[in-house]
Amino acid sequence: MYKLFYSPGTASMVIHQLLIELKQPFELVLVDFATGQQKSAEFLRLNPLGRVPVLADAELSMCESAAILLYLTEKHQALTPLPGTKARALFLQQIAFLTNNLAPQFRLWFYPPDLGYDEHPAALKQQLQQNIAGIWQQLDDHLSGHGPYLLGDEFSAADLLLTMYMRWSRNMPTTALAWPALQRLADLVRARPSWRQLYQQEGLTEWAGFK
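First, a word on what this report is: a plain description of the structure on this page.

Rules used in this analysis
Residues numbered from 1 in each chain as written. Predicted model: local features only at pLDDT ≥ 70, side-chain atom pairs only at ≥ 80, totals over all residues. Heavy atoms only, no water. Axes fitted to C-alpha atoms, helices over the stretch in contact; angles between N-to-C directions. Helix = DSSP H or I, 4+ residues; strand = E, 2+ residues; numbered from the N terminus. Parallel < 35°, antiparallel > 145°, perpendicular 65-115°, else oblique. Left-handed = near helix turned anticlockwise from the far one by under 90°. Contact = heavy atoms within 4.5 Å. Nonpolar A, V, L, I, M, F, W, Y, C, P; charged D, E, K, R; others polar. Salt bridge = Lys/Arg side-chain N within 4 Å of Asp/Glu carboxyl O. Buried < 20%, exposed > 50% of the residue type's maximum accessible area, 1.4 Å probe, protein only. Phe/Tyr/Trp six-rings, centres within 6.5 Å; stacked < 30°, edge-to-face > 60°. Lys NZ or Arg CZ within 6 Å of the ring centre and 35° of its normal.

The next subject is the packing of helix α4 (residues 86–110) against helix α6 (residues 157–168). It is the contact of α4 with α6, at a shortest axis distance of 10 Å, that shows an interaxial angle of 15 degrees. In terms of axis orientation, α4 runs roughly parallel to α6. The chirality of how α4 crosses α6 is left-handed. Residues Phe91, Gln94, Ile95, Leu98, Thr99, Leu102, Ala103, Phe106 and Phe110 of α4 form the contact with α6, whose own contacting residues are Ala157, Ala158, Leu161, Leu162, Tyr165 and Trp168. Of the residues belonging to the contact of α4 with α6, the class tally is 13 nonpolar, two polar and no charged.

In structure tokens, the structure reads:
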């Protein structure tokens, strides 16, 4: 039985959906950001950065979404290509690309204090928008030629990660859904039963993709 420490709609979202896809038993433990629970001494013992997700079981406790995703897919041998294959190499490349390029831009977008501001100056905000749009374009170009999923016809956990990041753009001036190949991938992922279950369990409503 896994224990997933989460907050609705945050970076824990991809691990929540992944556990559903893997059909693994898990317990959800809400970390209430509104009350600052992520800064409590108890939670900081699990993750000194005060962030979700944290995944725990009888063997270990770990954080960082990409690391947890790789651990779970490897352990359960699902939603990832076989080790040592070309497809596996491309899978790892996509995970690294998303976490090293897209995630940091969103971090700066959502947390101006990381750059020393209470609110972004207009020029900086515009630059961050352009940076994220450039990454969407690169991903859309790849999916247009090699989609519909990041690994072509093979659905993988990398698509769950990308869809979570696309959802984070929902209130930006230009969302990820402005790019047609990204829209197609998002629609495919949002049509999965795991997405509906995720939304029900986390109480999410925005960007659902279903009625």
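Further notes follow.
The subject of this paragraph is the pattern of salt bridges. Scanning the model with the defined rule gives six salt bridges in all. Between Arg88 and Glu74 there is a salt bridge whose closest N-O contact spans 3.5 Å. Taken together, the residues Arg88 in helix α4 and Glu74 in helix α3 (residues 65–76) connect sequence positions 14 residues apart. Take Glu74: its relative accessible area is 51%, and that puts it in the exposed class. Notably, a salt bridge pairs Glu206 with Arg170, separated by 3.0 Å at the nearest N-O pair. Placement of the pair is Glu206 in the segment after α8 (193–202) and Arg170 in the loop between α6 and α7 (180–190), with a sequence separation of 36 residues.

Right, let's talk about the packing of aromatic side chains for a bit. Applying the stated criterion to the full structure yields eleven aromatic pairs. Geometrically, the ring pair formed by Trp195 and Tyr199 is tilted, given 5.1 Å between the ring centres and 35 degrees between the ring planes. Remark: Tyr199 and Trp195 occur in helix α8; sequence separation between them is four residues, near one turn of the helix. For Tyr199, a relative accessible area of 2% gives the class buried. Aromatic ring contacts, followed pair by pair, group Phe106, Phe110, Trp136, Tyr165 and Trp168 into a single cluster. A cation over an aromatic ring shows up here: Arg107 above the ring of Tyr111, its NZ or CZ 3.9 Å from the ring centre. Cation over ring: Arg196 sits above Phe210, and NZ or CZ is 4.1 Å from the ring centre.

Keep in mind that these numbers describe shape and distance, not what the molecule does.
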